[in-house]
Amino acid sequence: GPLSVEAVDWKYPATQVYDTPRDYEIVCQYPDNIQTSISSQHQLGTKWIGDEGWVYVNRGKLTASDTRLVAKDFERGKERLFASPGHMQNFLDCVRSRDTCVAPAEIAHRSITPGYLGYVSHQLGKKLDWDAKNLAITGNPAAHKLLKRDYRSGWQVAGF
């Protein structure tokens, strides 16, 4: 998980229809001086940049700085990734088969953590320090309380 998270320059639409920012950025600092940014200004997907170039992936789209890396005859090595029919179908298939999902709960949890922390950072207008091992905002009890509050009270699924 990140060491720190900060919401930067969130702008909301001039409507009462929804309360989600139209423009946003969440800057995350990770160990080994790695920084990431989640932003409405970025192209959707993920771009991995290495010493010898980059690879960009977005749900069915794969491009690279060197087109040989994405050629059909490129020898990709022995490692193979799981081919998923989509997260929802994969989840249902794995419920039946008891196989591990392509995105298990721990991965999903770790993937959304920066978003939750970004929300709290924006609400309080402060950069937050995060203890990933203990799943806690450190040095800011008000922020930790906001993170842990019940956002769904008052809602229920009909018939339950």
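What counts, and at which threshold
- What you see as residue numbers is a count from 1 along each chain, following the sequence as written.
- Note on the predicted model: pLDDT of at least 70 is required for a residue's local features to be given, and 80 or more for side-chain atom pairs to be given and counted; whole-chain, interface and lining totals, by contrast, use all residues.
- Here the side-chain values reflect all heavy atoms present in the structure, with hydrogen atoms and water set aside.
- In this description, strands pair whenever DSSP reports at least two bridges between them.
- Strands are runs of DSSP state E lasting at least 2 residues, helices are runs of H or I lasting at least 4, and numbering of each runs from the N terminus.
- Axis angles are defined between N-to-C directions and span 0 to 180 degrees, where every axis is a line fitted to C-alpha atoms and, for a helix, only to the segment in contact.
- Patches draw on residues past 30% relative accessible area with no salt bridge. Two like charges within 9 Å are joined, as are two nonpolar side chains (Val, Leu, Ile, Met, Phe, Trp, Tyr) within 5 Å.
- Working definition of accessibility: Shrake-Rupley area with a 1.4 Å probe, residue cover restricted to the visible protein chains.
- We define a salt bridge as a contact between a side-chain nitrogen of Lys or Arg and a carboxyl oxygen of Asp or Glu at a distance within 4 Å.
- For every residue, the accessible area (1.4 Å probe, protein chains only) is compared with the maximum for its type, and the residue is labelled buried under 20%, exposed over 50%, or partly exposed between those bounds.
- To define a nonpolar core, start from buried Ala, Val, Leu, Ile, Met, Phe, Trp, Tyr and Cys residues and group those joined through side-chain atoms within 4.5 Å.
- It only takes one pair of heavy atoms within 4.5 Å for two residues to be counted as in contact.

*Asks:* I keep staring at the sheet that holds strand β6 (residues 61–64) and nothing clicks. Help me out?
*Replies:* Paired through their backbone hydrogen bonds, the strands of a sheet run either parallel or antiparallel. Taken in spatial order, the three strands line up as β4-β5-β6 in an open sheet, and their pairing is antiparallel. Pairing within the sheet leaves two strands with one partner each, and these edge strands are β4 (46–50) and β6. Across the sheet, the axes of successive neighbouring strands diverge by a mean angle of 10 degrees, strand direction being ignored. In the sheet, strand β5 (residues 53–58) pairs with β6 via four bridges, with the strands oriented antiparallel.

*Asks:* For this particular structure, what's the right way to read a nonpolar patch on the surface?
*Replies:* Residues F91, L92 and V95 make up a contiguous nonpolar surface patch of roughly 270 Å² in combined accessible area. Take L92: it is sitting in helix α1 (residues 87–97). Judged by relative accessible area, L92 falls into the partly exposed class, the value being 42%.

*Asks:* I would appreciate a short explanation of the nonpolar core in the present structure.
*Replies:* Counting residues in each nonpolar core, the largest one holds 14 residues, and the members touching the most others are L117, V120, W130, I137 and L147. If you list the elements that add at least two residues to this core, you get β1 (4–11), β2 (23–30), α2 (105–124), β7 (128–131) and α3 (141–148). With residues up to four places along the chain from it excluded, the contact list for L117 reads P2, V5, L128, W130, I137 and L147.

*Asks:* Teacher, can you tell me more about the pairing of β2 here?
*Replies:* Look at any regular strand and the pattern is simple: side chains alternate between the two faces of the sheet. Two strands pair when backbone bridges link them, and β1 and β2 are joined in this way by six bridges, in the antiparallel orientation. Counterpart to S4 in the pairing with β2 is Q29. As paired strands, β2 and strand β3 (residues 34–39) are joined by six bridges and run antiparallel to one another. Considered in β3, the bridge of Q29 is made with Q35. The antiparallel pairing of β2 with β3 creates a hairpin that spans three residues between the two strands, and D32 there sits at a positive phi of about 60 degrees.

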